[in-house]
Amino acid sequence: EPKIIGLTGGIGSGKTTVAKFIEEFGFPVYYSDDRAKDIVNENDDLKPKIKELLGNESYDENSLYNRKFVAEKVFNNKELLQSLNEIIHPAVRLDFEDWVKKQTKYLIFKETALLFELKLNKQCYQSVLVTAEDNIRIKRVMDRDGKTYREVQSVMGKQMPEKEKIKLADCIIYNNTNLDDLKDQTEKIIFEIE
Ligand code: ATP
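Residues numbered from 1 in each chain as written. Predicted model: local features only at pLDDT ≥ 70, side-chain atom pairs only at ≥ 80, totals over all residues.

An unreviewed UniProt entry lists the protein chain under the name Dephospho-CoA kinase, with Chryseobacterium piscium as the source organism. Of the comments in the UniProt record for the protein chain, the one headed Sequence similarities (unreviewed entry) reads "Belongs to the CoaE family." Database annotation for the protein chain, UniProt heading Subcellular location (unreviewed entry): "Cytoplasm". (UniProt positions renumbered as here; feature names shortened; annotations may be inferred.)

Peer 1: Help me get a handle on the overall build of the protein chain, residues and values and all.
Peer 2: Counting its regular elements, the protein chain contains nine helices and five strands. Along the protein chain, helices (α) and strands (β) appear in the sequence β-α-β-α-α-α-α-β-β-α-α-α-β-α when read from the amino end. Taken over the C-alpha trace, the protein chain has a radius of gyration of 17 Å; the compact-globule value for 194 residues is 16 Å, and the two agree within 12%. Within the protein chain, the proportion of its 194 residues that are buried is 27%. For the protein chain, restricting intrachain contacts to residue pairs at least 6 apart in sequence, the fraction spanning at least 24 positions comes to 75%. (Helix = DSSP H or I, 4+ residues; strand = E, 2+ residues; numbered from the N terminus. Rg over C-alpha atoms; globule rule 2.2 N^0.38 Å. Buried ≥ 20, exposed ≤ 12 C-beta atoms within 10 Å, placed from the backbone. Contact = placed C-beta atoms within 7 Å.)

Peer 1: A description of the environment of Lys105 should follow, citing residues and the corresponding values.
Peer 2: Locating Lys105 in the fold gives a position in the loop between α5 (78-101) and β3 (107-111). On the basis of neighbour counts, which here come to 11 C-beta atoms within 10 Å, the residue Lys105 falls in the exposed class. When the C-alpha positions of Lys105 and Val141 are compared, they lie 33 Å apart, and in sequence the two are 36 residues distant. In contact with Lys105, other than residues within four places in its own chain, are Pro2, Phe27 and Pro28.

Peer 1: Describe the site of the ligand, with residues and values.
Peer 2: As a structural note, the neighbourhood of the ligand is formed by 16 residues, with Gly14, Thr16, Thr17, Arg140 and Arg144 the closest of them. Looking at the shell around the ligand, the elements that each hand over two or more residues are α1 (15-24), α6 (134-145) and α9 (179-192). The residue makeup of the shell around the ligand, split by class, is five nonpolar, eight polar and three charged. (Near = placed C-beta within 6 Å. Nonpolar A, V, L, I, M, F, W, Y, C, P; charged D, E, K, R; others polar.)

Peer 1: Residues and numbers for the environment of Pro161, please.
Peer 2: Position of Pro161 among the secondary structure elements: in the loop between α7 (149-158) and α8 (162-168). Exposure remark for Pro161: the 11 C-beta atoms within 10 Å place this residue in the exposed category. Pro161 sits 100 residues away from Glu61 along the chain, and the two C-alpha atoms are 40 Å apart.

Peer 1: Which residues make up the packing of helix α3 (residues 46-54) against α5, and what are the values?
Peer 2: Running from N to C, α3 and α5 point in directions that differ by 170°, and their axes come no closer than 10 Å. Classified by the angle between their axes, α3 and α5 sit roughly antiparallel to one another. Residues Leu46, Lys49, Ile50 and Leu53 of α3 form the contact with α5, whose participating residues are Ser83, Leu84, Ile87, Ile88 and Ala91. Within the contact of α3 with α5, the residues separate by chemical class into seven nonpolar, one polar and one charged. (Axes fitted to C-alpha atoms, helices over the stretch in contact; angles between N-to-C directions. Parallel < 35°, antiparallel > 145°, perpendicular 65-115°, else oblique.)

Peer 1: Outline the nonpolar core, supporting the account with residue identities and numerical values.
Peer 2: Among the nonpolar cores identified, the biggest contains 15 residues, and Leu7, Val18 and Val128 are the most heavily contacted of them. Among the secondary structure elements, those contributing two or more residues to this core are β1 (3-8), α1, β3, β4 (126-131) and α9. When residues in this core are grouped by element, the largest group, four residues, is from α1. (Core = buried A, V, L, I, M, F, W, Y, C linked by C-beta atoms within 7 Å.)

Peer 1: Account for the packing of α6 against α7, with residues named and values stated.
Peer 2: Axis separation between α6 and α7 bottoms out at 9 Å; the angle between their running directions is 120°. Here α6 is positioned oblique relative to α7, judged by the angle of their axes. As for how α6 packs across α7, the hand of that crossing is right-handed. Residues Asp134, Ile138, Val141 and Met142 of α6 pack against Tyr149, Val152, Gln153 and Met156 of α7. Among the residues forming the contact of α6 with α7, the class breakdown is six nonpolar, one polar and one charged. (Left-handed = near helix turned anticlockwise from the far one by under 90°.)

Peer 1: Quick one: what's the story with unusual backbone geometry, residue by residue and with numbers?
Peer 2: You will see that Asn76, though not glycine, has its phi angle at about 60°, which is positive. Here Asn76 shows up in the loop between α4 (67-74) and α5. In this structure, Lys119 takes a positive phi of about 55° despite not being glycine. Mapped onto the elements of the fold, Lys119 is located in the loop between β3 and β4.

Pasting the structure below:
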């Protein structure tokens, strides 16, 4: 049985960058949020459920998930968002379990933005949080996505506060400087997990 390490962080924290470093060090990473995006298209059991919840327009004429439509539907509607997540999350969990069965390394990583929010850390051996100062994260996302300061700030404002995540995490990577430092911290953390 491999040890599953949960890897998380808020918007622009650098968790995907850390995940790529982890892969470079030879350990596999399951990208939950990316997989969720594929699963809504790959898993035919989900389609009728999502259409029933949000409408037929949830999928286009080619049976492809209409992300924009769905996002608009659930925007500012917590209940609908929760119902949607209750459809998608179990499918992602099963997909993850299949993936775990195929792994041969003793340490494997699960990248997910909502590790603590969904209490997925309970199913992990340990959790790693990537964090950085708000202004640094905002600046990085503005550069990466061409978003405005206020746009990034508003997404950030809806996420679990860093203070709470810091309390819950087993290991913390402070990503306030450069990529070399980030890689060094990542390496240390991987090889200190026991
Ligand atoms: P999101 O949840 O928004 O997808 P994330 O936590 O996965 O974000 P990344 O995409 O890894 O974050 O990083 C955000 C941006 O900041 C990327 O463009 C990345 O290249 C850059 N970045 C991350 N860490 C550093 C660093 N230490 N120095 C410079 N740039 C960085």
